[in-house]
Structures are given as structure tokens and as C-alpha cells.
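# Coordinate analysis (summary)
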Amino acid sequence: MSEVKQVLTTCSYCGCGCGFYLKVKDGEIIGITPSQKHPVSQSSLCVKGWNGAEFVQHPDRLTDPLIKENGKFRKASWDEALSLLVKKFSQQAKEGGPDSLAFFGSAKCSNEENYLIMKLARAVFKTNNVDHCARLCHASTVAGLAAVFGSGAMTNSIDEFLDCEVILITGSNTTEQHPLIGSRIIKAAKAGATLIVVDPRKIQLTKFAKFHLKQNCGTDVAWMNGMMRVIIKEGLEDKEFIKNNTEGYEELKKTVEKYTPEYVEKITGIPAEELAAAARVFARSRKSSIVYSMGITQHTTGVDNVKSTANLAMLTGNIGRPSTGVNPLRGQNNVQGACDVGALPNVYSGYQAVIDPKNREKFEKAWGVSGLPDKIGVPVTMVPQLAIEGKIKALYIMGENPMVSEPNTAHVEKGLNALDFLVVQDIFLTETAALADVVLPATSFAEKDGTFTSTERRVERIRKAVKAPGQAREDWQIICEIATRAGYKMEYASAQAIFTELAQVTPSYHGMSYERLEKDFGLQWPCPNLDHPGTKYLHKDGKFTRGKGLFSAIEYKPPVEMPDEEYPLVLTTGRQYFHYHTRTMTKRTSTLERETPECYIEINPLDAKKYHVRKESLIAVSSRRGTITVRAKVSEIIKAGTVFIPFHFAEAAANRLTIDAFDPVAKIPEFKVCAVKIGGNNK
Ligand SMILES: Nc1nc2c(c(=O)[nH]1)N[C@H]1C(S)=C(S)[C@@H](COP(=O)(O)OP(=O)(O)OC[C@H]3O[C@@H](n4cnc5c(=O)[nH]c(N)nc54)[C@H](O)[C@@H]3O)O[C@H]1N2
Ligand SMILES: Nc1nc2c(c(=O)[nH]1)N[C@H]1C(S)=C(S)[C@@H](COP(=O)(O)OP(=O)(O)OC[C@H]3O[C@@H](n4cnc5c(=O)[nH]c(N)nc54)[C@H](O)[C@@H]3O)O[C@H]1N2
Ligand code: SF4
Ligand SMILES: [Mo]
């Protein structure tokens, strides 16, 4: 009998970055135990973590490369699949120019893998058309916070929530989506912290909150301007902090002047007195922290919303100290890392701009190439339209499922079908992979070495615990082979060797190495040199990365598609506890699938009555873009006039309904607001 081996690794679901042991016997994962010493998990995991490896050994795993012939897939050898791919990509680059290609990195994959895919796009195929799902998620944060602070990440650390006096949570269903952060916040509330929840839904945290302000979806700038006006009128702003550490205050002050309590109440639906009371509580504490996520970012005003959260923190001096700050909770296990290592169209790793000739020169030298492209590439969300217009012809997707995750599915489908050549590299045959010309079987997190960077900027190891099924290969090895076949010798002995290169060219990771990451469950960036202990909170003493913090004077703008007579309800979309994104992994995990096997719509009892919707009945829901059928969950969780549908279910995909309208700067979709009606489109 062989022994049980325990392999310490990092959860591959959300950005909390919990650490657990995979228990391995005879080459199989037989269980999971949380790490007791891990700074985030501390002996706990959420239900996804506890069940975080069942999908790894699922019989549906891709085991062989597939090539589509006459509309059907057939198994192929690696040699055949990769030579076809390289031939098509090289030919397309020659005939249509490098920018007729595009590459999607993956927030599910490691830092090493995302670093290599951006190197493949830039150094080998000479295009900056590389991006990933951060575009659908925190693109507003990356752009917004970089503009006002100089750095677009969570400013503080998860443990610091325990010491907060006030926590303002908006657009984050923390206990379901970042459960181990949610439990910290509940602990803080039990120890006396005041919670202010601003969310159109009655999320679990409202039970522990002193305030629950239920705004109309898409009105976040208005309530934040309203709060700031109260704070300034009552002299509760931090005058010293504003004077010493910021610029742009006078314009902000002028702009918020017209956001009187009455005006704000009319836009947001939040009672004026409650908003004012919450604003006072937030401003009076020296340990007030803002927590936000998709409810703030996924709007055509996403960047404005993000900048408003920063305004509020700076106005009250609640930044640059422990237990304060602006804390965007990054979603995927490695979305922070995929951004950090440059799987973005405008920057190399460490947010070094591609338009700066000094940076291009630096990377040309490091990679031994010349002629790195100087034009900013296209973001994920523009690819379907550019494919329809014939400007993008070949697309390589590593670990994303846009057929379920991008807005307006009919349009995405049209775009993917318009491509000449689509490659999908995944661990399952997804809805997107089904449309591909070549499918490449990758390994999961349990079958490879590497690093993930969690929401608190913590770079942590993942470790190979078991062998991959069939012919599946590590994502980084596949990329190396493609680069080499395309004429650029890309060879690494291990993931560690890639990390060593990455750390050399990335200032915030400069002081990190696998040896150092072994100790104390990783390091938090910035970690500029080998003696640096890592950084718990950013912008210490109001010294912002960009110099002075920049106040932004912002006017409220309504969402693009508001309800009207024909489509009278606001649809907001998002997630729930048991499922993860496009469900490729969670539908193959028995405990999780059993809890929520089908899609549903949350609808307020008043609306249920008005539109004759019976509890638990199957109903059609339509927008201008499509119709889906879902189970009615009649519930007070959601405010009247608004409905909520989780986007996990391909069979009843919320994104058949959502609108492909984008923030002008971040190009993030307005997933959180569009207009729908109960019933089909063809009455
Ligand atoms: N179980 C589970 N956990 C996950 C994920 C998952 O799929 N499943 N995904 C991960 C990823 S990638 C991400 S990005 C995070 C996302 O985590 P969250 O952002 O917490 O998740 P969402 O459900 O998208 O939306 C959050 C909240 O926004 C509110 N909201 C809706 N409209 C508005 C609005 O106009 N303004 C404001 N302020 N709030 C609004 C919703 O009511 C909801 O409570 O979760 C991560 N964790
Ligand atoms: N309506 C609506 N739509 C949304 C959102 C919303 O709130 N509302 N939220 C958006 C947000 S925040 C996000 S982050 C996106 C997520 O959008 P996606 O990233 O497209 O969704 P995932 O299901 O996480 O896709 C990840 C894919 O990677 C595969 N995978 C897992 N591990 C590996 C690996 O190691 N290697 C490889 N090659 N593949 C792997 C999985 O099987 C899966 O197919 O969805 C967005 N879509
Ligand atoms: S909180 Fe997130 S990282 Fe932790 S176990 Fe749950 S899904 Fe995994
Ligand atoms: Mo996300």
C-alpha cells in the first residue's frame, strides 16, 4: 500500500488565494485539507475549496488534441495539431499583418503561463493583441486606480479588515463570492465594526450591517457624490490629508455641490437621511475601508465609479494606513497575476507601457528580439466585432469561455464564427471550444508547478500533485513549443525558470524567487529586492505611487439601456455561492451541482404579482438581444423593478440578454444593467 502524500497548493477558484493540501494516494487525489497556518484560510475553506479538485479527475477532461474536419472533431497528435496551428498563424500574420491575430491569456492559468502568452504574442507574432478576462471584470479598477493613485490593485490586506471600525461594502456579495474575506468582515462586525452595505440586493452581509442602502442599479456615482457633499458640508473632510497628499480637490468640491440629498434620492432611490447618516459614520472613523467588486466595475461608467470610491477614501483620509483603503476584490484565482505579468494590450509585465520606447528596448534586450510592436492592442471585448469586420482573422484562446462569459452571446457567436481560425486550449470541451478549429488539452492547477497572485497581491505557489490525463500538456509547455516552431527558440527547464526571468523584468516582483515563496505562504508585491519583506498596504502615509492622489470631479451618467414600456425591468447579472463562472468546473463537481442544478431569476413579490409570475414556475425572460427560460425565484432579496440572473448556466445563458455596451476607457461591458421583460419576444 502506498502512502498518502500531502501537496500544499493554492485554490484555483476565487482570488482569496486560500492554501490547502491535496491528499494524493496511488496517483489520485483523495481529499483536501485546509492549511492551518495559511494567512487567509487559517484552517477554513469555502464549499468550492473543500470540493476544489473533483473536476480534476472528471472523465470529461480533454486528453488529446482535436482537429475539426468537415464540422467534426477528430483526435490528432500534438505534432499534427501544433504544425497546423503554427502554419495558420504564421500565414495569417504574413498576409493580414500581425494585428490580424489575437491572443487571450487566462486568469485561471499561472503567472508563468500568462507571461509566456504575452511573450508569444509580442516577441514572436509581433502584436499587442493580448488580453484576458480582467477586461470583463476589473478593467475599470486597473484603469481607474492607476489614474488616481498610480497603481490599480487592492490597497490593503485581507487580515486588516479585522481591525476596521467601518467597512463600506458596495457591489460585492462578499460571503458568496469571496467567502474567506466575507467571514473576516463578519468577524469584524461581531467585534464592533460598523458595516455599510450599498447593494440593490439583500446580500448576506446586510444581516450584520447597520446600514443597507438599496440603490437603483447603475447610480453609484450619484450616491458617492451625495455622501461626499454631506461630508464637505459638515466639515468632516480630512483637511490635512487633502492639503498634503492630493490634487484636484476644488473641482471635486464644486462638482458634488449639486448632489443634494433630494437630488440623489431621486436618482438612486436611497432615502436622503440614511445616506447622510452613513456618510457621517464613514467620515468620522480613522479606520474606514471600502470594499467593492463587480457592482462597481461592470458599467459603462465603471472607471467613474472606481474613481469615486477613491475620492471618498481620500476625502476622509482613509488610505495609506492599516485597515483603511480602497479594496477592489479581484475575482479569479490569478486575475491579479495575469494583469501583473502583462496579459493586457497596453502593458508589459509590471504595468510597463508598450508605447514607451524605453520599455520596448528593455524587453527587446531581455527577449533577444527586435521590432516589438508599439501600437496598443485590442481588448477582449472588441474582438467579436473586429472579427465580424474581418480585421481579426485568427484567435488563440487559452482558458476562457467567451461563448458564456461575454455580453450579447448572439454577437459573440457571430464573431467567433467569422474567424478563419480559432484555437482553444482548455481542460474541458467548452461551448467556445466546440466552435474551434483546433482544441489543445491543457493541465489543471493540480497537475503543474507555478504561481498565482491573490487579490491581496500575494504571490503563492501551486504545486504539481498528480499526472495530467492522457496527452494533456502544461499550458506553458504548449506555448514554448508553438514559439519554437514559429521560429523563436523558447525553452525553459521548469516553471521556476520562467519565474526567474519574469522577476528580473518586473520591478514589483524583482525581489521574489521560488526559494523565497516557499516561506510564509508567498510574498505580497511590491517586493523590489531580495531583502524586501513584501508590502501589506500601499501608499503609506499618503505617498501615492503617482506622487499626489488625484481627485476626479465626476458627474453621474445613467446606464446605456434603461427600462421602458416594452422592456420594463432592470436586469442585473452576477454569481452565486455554489457555481463558478461558466460552470465548466463546478457542474462537474457533484456537491456543487446538486445545490443549484439550474438557472433562476430573482424577482420581487411585487413584480411577480404584476407580471403574473408563479413561484418556482419556468418563465421566459427577454431583452432586445435574446430570450432565455429560467426558474422563478420570487424573493425579497431583490428590490422591486429589478431582477437578477446568475450567468453560470450555458443552457439559459444570462449573456443572451446582456448588452454589449462598454465603458469608453476600460472597455468593460455593462453586465450590471440592461432592460428586460417577462415573456418571449414574439408574442
Ligand atoms: N461562487 C463564486 N465565487 C466567485 C466567482 C463565481 O463565479 N462564483 N467569480 C469570481 C470572480 S471572477 C469575480 S469578479 C468575483 C465577483 O464577485 P462579486 O462582485 O461579489 O459578484 P457579483 O455577483 O457579480 O456582483 C456583486 C454584487 O453587485 C451587486 N450589484 C448589482 N448591480 C449593482 C450596481 O449597479 N451597483 C452596485 N454597487 N452593486 C450592484 C449585486 O447585487 C451583487 O451583490 O467573484 C469571484 N468569486
Ligand atoms: N452576465 C455576466 N457575465 C459575466 C460576468 C457577470 O457578472 N455577468 N462576470 C464576468 C467576469 S468578472 C469574469 S472574470 C468572466 C469570466 O469569464 P471566463 O474566464 O471566460 O470564464 P471561466 O468559466 O472562468 O473560464 C475559464 C476557462 O478556463 C478553463 N481552465 C481552468 N483551468 C485551466 C488551466 O489550467 N488551463 C487552461 N488552459 N484552461 C483552464 C476552464 O475550464 C474554463 O473554460 O465572466 C464575465 N461574464
Ligand atoms: S474562498 Fe476562494 S480561494 Fe478560498 S476556498 Fe473558497 S473559492 Fe477557494
Ligand atoms: Mo471576474
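Parameters and conventions
- Residues numbered from 1 in each chain as written.
- Chains lettered and ligands numbered in written order.
- Predicted model: local features only at pLDDT ≥ 70, side-chain atom pairs only at ≥ 80, totals over all residues.
- Heavy atoms only, no water.
- UniProt positions renumbered as here; feature names shortened; annotations may be inferred.
- Helix = DSSP H or I, 4+ residues; strand = E, 2+ residues; numbered from the N terminus.
- Near = heavy atom within 4 Å.
- Polar contact = N/O pair within 3.5 Å; in protein donor to acceptor, adjacent residues only side chain to side chain.
- Areas by Shrake-Rupley, 256 points an atom, 1.4 Å probe, with all protein chains shown as cover.
- Nonpolar A, V, L, I, M, F, W, Y, C, P; charged D, E, K, R; others polar.
- Buried < 20%, exposed > 50% of the residue type's maximum accessible area, 1.4 Å probe, protein only.
- Contact = heavy atoms within 4.5 Å.
- Core = buried A, V, L, I, M, F, W, Y, C linked by side-chain atoms within 4.5 Å.
- Domains from an automatic or database assignment.
- Buried area = accessible area lost by both parts, 1.4 Å probe.
- Salt bridge = Lys/Arg side-chain N within 4 Å of Asp/Glu carboxyl O.
- Axes fitted to C-alpha atoms, helices over the stretch in contact; angles between N-to-C directions.
- Parallel < 35°, antiparallel > 145°, perpendicular 65-115°, else oblique.
- Left-handed = near helix turned anticlockwise from the far one by under 90°.
- Phe/Tyr/Trp six-rings, centres within 6.5 Å; stacked < 30°, edge-to-face > 60°.
- Lys NZ or Arg CZ within 6 Å of the ring centre and 35° of its normal.
- Expected span 1.5 Å × (residues − 1).
- Arc of directions from axis to C-beta.
- Pairing = 2+ DSSP bridges.

## With respect to the UniProt feature "domain: 4Fe-4S Mo/W bis-MGD-type" (unreviewed entry) in the protein
- What UniProt calls "domain: 4Fe-4S Mo/W bis-MGD-type" (unreviewed entry) maps, in this numbering, to residues 4-60.
- Between the end C-alpha atoms of residues 4-60 there is a gap of 26 Å, over a span that is 7% helix and 35% strand.

## Focus on the site of ligand 1
- For ligand 1, the set of nearby residues contains 35 residues, the closest of which are Gln177, Asp199, Gly218, Arg575 and His579.
- Within the backbone of Gly171, one N or O atom sits 3.4 Å away from an oxygen atom of ligand 1.
- Between ligand 1 and the protein, one listed contact pairs a nitrogen atom with a side-chain N or O atom of Thr572 at 3.2 Å.
- Here ligand 1 loses 99% of its free accessible area of 920 Å² to cover by the protein chains.
- Looking at the shell around ligand 1, the elements with two or more residues in it are α5 (174-177), α12 (294-297) and β23 (569-574).
- When the residues that make up the shell around ligand 1 are grouped by side-chain class, the tally is nine nonpolar, 19 polar and seven charged.

## Considerations on the side chain of Thr589
- Take Thr589: it is sitting in the loop between β23 and α22 (590-595).
- Its relative accessible area of 0% is what places Thr589 among the buried residues.
- If sequence neighbours within four positions are ignored, Thr589 has contacts with Tyr13, Asn51, Glu54 and Phe55.

## Re the nonpolar core
- Core analysis: the largest hydrophobic core is formed by 60 residues, its most contacted members being Phe89, Phe103, Trp367, Tyr396 and Leu440.
- The element best represented in this core is helix α3 (residues 111-124), accounting for eight residues.
- Non-local contacts of Phe89, meaning those with residues more than four positions away in its chain, are made with Leu101, Phe103, Phe125, Ala394, Leu395, Tyr396, Phe421 and Val423.
- The next biggest cluster of nonpolar side chains, apart from the first, holds 50 residues, and it includes Cys164, Ala193, Ala209 and Tyr580.

## What to know about the domain arrangement of the protein
- We note that the domain assignment places domain 1 (5-57), domain 2 (66-131 + 334-444 + 469-486), domain 3 (155-329) and domain 4 (569-678) within the protein.
- Taking only C-alpha atoms into account, the centre of domain 1 sits 30 Å from that of domain 4.
- The interface of domain 1 with domain 4 comprises nine residues on the first partner and eleven residues on the second.
- When the two sides are added together, the surface that domain 1 and domain 4 hide from each other amounts to roughly 950 Å², 64% of it contributed by carbon and sulfur.
- Among the residues of domain 1 in contact with domain 4, Tyr13, Val47 and Lys48 are the three that bury the most area, contributing 52% of the side total.
- On inspection of domain 1 and its partner domain 4, the count reaches zero salt bridges.
- Classifying every residue of the side of domain 1 that touches domain 4 gives five nonpolar, two polar and two charged.

## Focus: the packing of helix α2 (residues 78-96) against helix α19 (residues 475-485)
- Taken N-terminus to C-terminus, the directions of α2 and α19 make an angle of 55°; their axes are 10 Å apart at the nearest point. Relative to α19, α2 is oriented oblique. Handedness of the crossing formed by α2 with α19: right-handed. Where α2 approaches α19, its residues Trp78, Asp79, Leu82, Ser83, Leu85 and Val86 are matched on the opposing element by Ile478, Glu481, Ile482 and Arg485.
- The class makeup of the residues in the contact of α2 with α19 is six nonpolar, one polar and three charged.

## A short note on the site of ligand 2
- Around ligand 2 there are 33 residues in total, and Ser405, Asp426, Asp475, Thr582 and Asn655 lie nearest to it.
- Backbone polar atom of Asn401 to an oxygen atom of ligand 2: 2.8 Å apart, as the coordinates give it.
- Contact between ligand 2 and Thr443: an oxygen atom at 3.0 Å from a main-chain N or O atom of the residue.
- Compared with its free state, where it exposes 930 Å², ligand 2 has 98% of that area covered by protein.
- Listed by contribution, the elements that provide at least two residues to the shell around ligand 2 are β17 (421-426) and β23.
- Its residues assigned to classes, the shell around ligand 2 shows ten nonpolar, 16 polar and seven charged.
- Taken together, domain 2 (66-131 + 334-444 + 469-486) and domain 4 (569-678) each give at least three residues to the shell around ligand 2, which thus spans both.

## Observations regarding unusual backbone geometry
- Omega for the bond connecting Trp525 with Pro526 falls within 30 degrees of zero, at -5°, which places this linkage in the cis form.
- Among the structural elements, Pro526 can be located in the loop between β21 (523-524) and β22 (549-550).
- Notably, His539 is not glycine yet its phi reads approximately 60°, a positive angle.
- In this structure, Asp541 takes a positive phi of about 55° despite not being glycine.
- Within the element layout of this structure, Asp541 appears in the loop between β21 and β22.

## Let's talk about the packing of aromatic side chains
- Applying the stated rule across the entire model yields 21 aromatic pairs.
- Joined through ring pairs, the aromatic side chains of Tyr13, Phe20, Phe55, Phe445 and Tyr580 make up one cluster.
- Over the aromatic face of Trp525 sits the side chain of Arg457, whose NZ or CZ is 5.9 Å from the ring centroid.
- Sitting above the plane of the Phe428 ring, Arg588 keeps its charged end 4.1 Å from the centroid.

## Some thoughts on the environment of Gln177
- For Gln177, the location among the structural elements is in helix α5.
- Between the C-alpha atom of Gln177 and that of Gly574, which follows or precedes it by 397 residues, the distance is 9.8 Å.

## Focus: α2
- The terminal C-alpha atoms of α2 lie 26 Å apart, and with 19 residues this matches the ideal 27 Å at 1.5 Å per residue to within 8%.
- Along α2, the positions that sit buried rather than exposed are Trp78, Ala81, Leu82, Leu85, Val86, Phe89, Gln92 and Ala93. Looking straight down α2, one finds its buried side chains confined to an arc of 135°; they lie on one side. Set apart from the buried face of α2 by more than 90 degrees, the exposed residues are Lys94 and Glu95.
- Buried residues in α2 make contact with β4 (66-69), β6 (101-104), β16 (394-398), β17, β18 (438-441) and α19.

## Observations regarding the sheet that holds strand β7 (residues 130-131)
- Taking strand neighbours across the sheet as the criterion, the seven strands line up as β5-β4-β18-β17-β16-β6-β7 in an open arrangement whose pairing is mixed. Every interior strand has two partners, whereas the edge strands, β5 (72-75) and β7, have only one.
- One ladder, built from two bridges, connects β6 with β7; its direction is parallel. Along β7, the bridge assignment pairs Phe103 with Val130.
- Sitting on the sheet, α19 is in contact with β16, β17 and β18, with an inclination near 150° to β16.

## Points about the pairing of strand β19 (residues 450-453)
- The alternating pattern of β19 places Gly450 and Phe452 on one face and Thr451 and Thr453 on the opposite face, and all of these are buried.
- With four bridges joining them, β19 and strand β20 (residues 458-462) adopt antiparallel strand pairing. Bridge pairing in β20 places Thr453 opposite Val459.
- Where β19 folds back onto β20 in an antiparallel hairpin, the turn is made up of four residues, including Arg457, whose phi is positive at roughly 65°.

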